[in-house]
Amino acid sequence: MPDHAQLDRDHVWHPFTQQQGWSEEEPLVIERGEGSYLFDSEGRRYLDGTAALWCNVHGHRHPAIDRAVREQLDRVAHTTMLGLTHPGATELAARLTAIAPAGLSRVFYSDSGSTAAEIALKIAFQYQQQRGGEHARRTRFVRLREAYHGDTIGSVSVGGIDLFHSTYRPLLFETHVAEPGDAADLERVLAAHGGEVAAVVVEPLVQGAAGILVQPEGYLRAARELCDRFGVLLVCDEVATGFGRTGTMFACEQEGVAPDLMCLAKGITGGYLPLAATLATEEIYEGFLGSYEEFRTFFHGHTYTGNPLACAAALANLDVFEQERTLERLQPKIALLEELLAELAATDEVAEVRQKGFMVGIDLGDHDDALRMGHRVTVEARRRGAFIRPLGNTVVLMPPLSMAEDELRELVAIAKDSIHAAVTESILPV
Ligand SMILES: *Cc1c(COP(=O)(O)O)cnc(C)c1O
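Residues numbered from 1 in each chain as written. Predicted model: local features only at pLDDT ≥ 70, side-chain atom pairs only at ≥ 80, totals over all residues. Heavy atoms only, no water.

Asks: Provide a residue-level description of the packing of aromatic side chains, including the pertinent values.
Replies: If you walk through the whole model with that rule in mind, you get 7 aromatic pairs. With a centroid separation of 4.8 Å and 70° between ring planes, the pair formed by Phe-16 and Phe-164 is classed as edge-to-face. Here the residue Phe-16 occupies a position in the loop between helix H1 (4-11) and helix H2 (19-22), and Phe-164 occupies one in helix H8 (residues 162-165), the gap between them amounting to 148 residues. Relative to Phe-298, the ring of Phe-288 lies with its centre 5.9 Å away and its plane at 80°, an arrangement referred to as edge-to-face. Of this pair, Phe-288 sits in the loop between helix H11 (282-286) and helix H12 (308-323) while Phe-298 sits in the loop between H11 and H12; the two residues are 10 residues apart in sequence, bridging distant segments of the chain. As far as burial versus exposure is concerned, Phe-288 and Phe-298 are alike and both buried. An aromatic cluster is defined as three or more aromatic residues linked by ring pairs; in this entry it consists of Phe-16, Tyr-148 and Phe-164. (Phe/Tyr/Trp six-rings, centres within 6.5 Å; stacked < 30°, edge-to-face > 60°. Helix = DSSP H or I, 4+ residues; strand = E, 2+ residues; numbered from the N terminus. Buried < 20%, exposed > 50% of the residue type's maximum accessible area, 1.4 Å probe, protein only.)

Written out as structure tokens, the structure is:
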């Protein structure tokens, strides 16, 4: 059998990874998954505390989603959305617009959260240009400090996490920056620059990659009202928050907000295959209509856009939401998680716990970067049978929505023991 750890060290370059440290550690080679668990090449099992990097919804190897992908495989694996359509794409578009906030009636497919955000930016920009007159001056975007919308240059331009983004600053387009969760600051920015702003871009309710920063209640609602007042579009990036993650199908619902553009990815296929969608209102869509030679076309599209296998998984994902009453059954589990986390928050080793639904950030407070405290915790967790990921000194728990109560208890217990072990060990001389 090939030595996958060695092949990895010899040939693979991992995302968001300092390869020097990585190649000194024994990589975990995951061979299969089942429900809330991952199994490595040695047969050891780990609770999947990251939901396959925030996208798994109903657990690994869900029979209904497995079957839907297999059945699609018997028809065709891939065609194209450029000049063709297919049943999965049409049906999914209808179902997404039916469950999305009011007014979002058009679906533009792509394949990652970054492209979904990139597309929202380009649509917003081109829409304002094509409206003409005063609107043509609307060429700027407002982003939130600590925002994350993906890793392509456009999405990085509206991002605000210095650690990830500052290197690329010279390549990025200029933006106006507002403080996260501070409606008065957004008002200040729009009052100063409103006439030149195409859109405000936000992660609704929770800024995930910032370390699970939860916005104060009413912020999103206020952002919507400010956008309306200043004639600016609102883009909600629901890539992380969508598909039940915050307790409702979409985070926007909790504040009764309907954005002009909405970005979906991660959970859209239940965590099975790469697929993304940028939803737009009919008004925006109509702004792109015209005869061919007017060149109002949206000239954008990726090769695997609207892939049929991914659409089949996405449709099955929505079916499972209905059949298993996922959102209803999630509510008591959110309450349980809150209870379990309250105990954890009371320990000396934890500075703060931030939670919205099934998004959790356990902030360990200030530690020397060189200690890599968040990372140490995840190494300890792995020894105890859970796979979790840190964001700096914040330990993130992002379980699949299907995770059972006893598994949630186990996950939080492992997190607690691992934090204790990592903090205690790091203060001992080595
Ligand atoms: C993960 C994420 C993205 C980027 O998605 P990719 O599929 O990794 O490109 C964009 N926006 C938000 C809010 C995210 O959490």
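Asks: Help me get a handle on the environment of His-58, residues and values and all.
Replies: Mapped onto the fold, His-58 is located in the loop between helix H3 (51-54) and helix H4 (63-73). In this structure His-58 comes out as buried when scored by relative accessible area, which is 7%. Along the primary structure His-58 and Arg-329 are separated by 271 residues, whereas in three dimensions their C-alpha atoms are 12 Å apart. Discounting residues that sit within four places of it in the chain, His-58 has contacts with Ile-65, Asn-317, Val-320, Phe-321, Thr-326 and Ser-402. Within the structure, His-58 has its side chain in polar contact with the side chain of Asn-317 (distance 2.8 Å). (Contact = heavy atoms within 4.5 Å. Polar contact = N/O pair within 3.5 Å; in protein donor to acceptor, adjacent residues only side chain to side chain.)

Asks: Can you lay out helix H6 (residues 113-131) for me, pointing to particular residues and giving the numbers?
Replies: Compared with the 27 Å implied by 1.5 Å per residue over 19 residues, the 27 Å span of H6 between its first and last C-alpha is a close match. Across the 19 residues that make up H6, a large majority, 15, are buried. Looking one or two places after H6, you find Gly-132, whose phi comes out positive at around 75°. (Expected span 1.5 Å × (residues − 1).)

Asks: Please provide a residue-by-residue account of the site of the ligand, values included.
Replies: The local shell around the ligand consists of Trp-54, Ser-112, Gly-113, Ser-114, Tyr-148, His-149, Gly-150, Glu-203, Asp-237, Val-239, Ala-240 and Lys-266. Side-chain polar atom of Ser-114 to an oxygen atom of the ligand: 2.6 Å apart, as the coordinates give it. With respect to the ligand, the side chain of Lys-266 contributes an N or O atom lying 2.7 Å from an oxygen atom. Taken by itself the ligand offers 380 Å² of open surface, and the protein chains cover 83% of this. For the shell around the ligand, the residue count by class is 4 nonpolar, 5 polar and 3 charged. (Near = heavy atom within 4 Å. Areas by Shrake-Rupley, 256 points an atom, 1.4 Å probe, with all protein chains shown as cover. Nonpolar A, V, L, I, M, F, W, Y, C, P; charged D, E, K, R; others polar.)

Asks: Before we move on, can you summarise the packing of helix H13 (residues 326-345) against helix H15 (residues 405-427) with the specific residues and values?
Replies: Put simply, H13 and H15 touch, their axes get as near as 10 Å, and they point 20° apart. Considered as vectors, H13 and H15 are oriented roughly parallel to each other. Crossing angle aside, the handedness with which H13 passes H15 is right-handed. On H15, the residues touching Pro-332, Lys-333, Leu-336, Leu-337, Leu-340 and Leu-344 of H13 are Glu-405, Leu-408, Arg-409, Val-412, Lys-416 and Ile-419. (Axes fitted to C-alpha atoms, helices over the stretch in contact; angles between N-to-C directions. Parallel < 35°, antiparallel > 145°, perpendicular 65-115°, else oblique. Left-handed = near helix turned anticlockwise from the far one by under 90°.)

Asks: Quick one: what's the story with the nonpolar core, residue by residue and with numbers?
Replies: Ranked by size, the top nonpolar core spans 55 residues in total, and within it Leu-92, Phe-243, Leu-264 and Ile-362 carry the most contacts. In terms of residue count, the dominant contributor to this core is H15 (8 residues). Each of domain 1 (4-58 + 326-427) and domain 2 (65-323) gives at least three residues to this core. Core analysis: the second largest hydrophobic core is formed by 30 residues, Leu-144, Leu-226, Cys-227 and Cys-252 among them. (Core = buried A, V, L, I, M, F, W, Y, C linked by side-chain atoms within 4.5 Å. Domains from an automatic or database assignment.)

The quantities given are spatial measurements derived from coordinates; they are silent on function.
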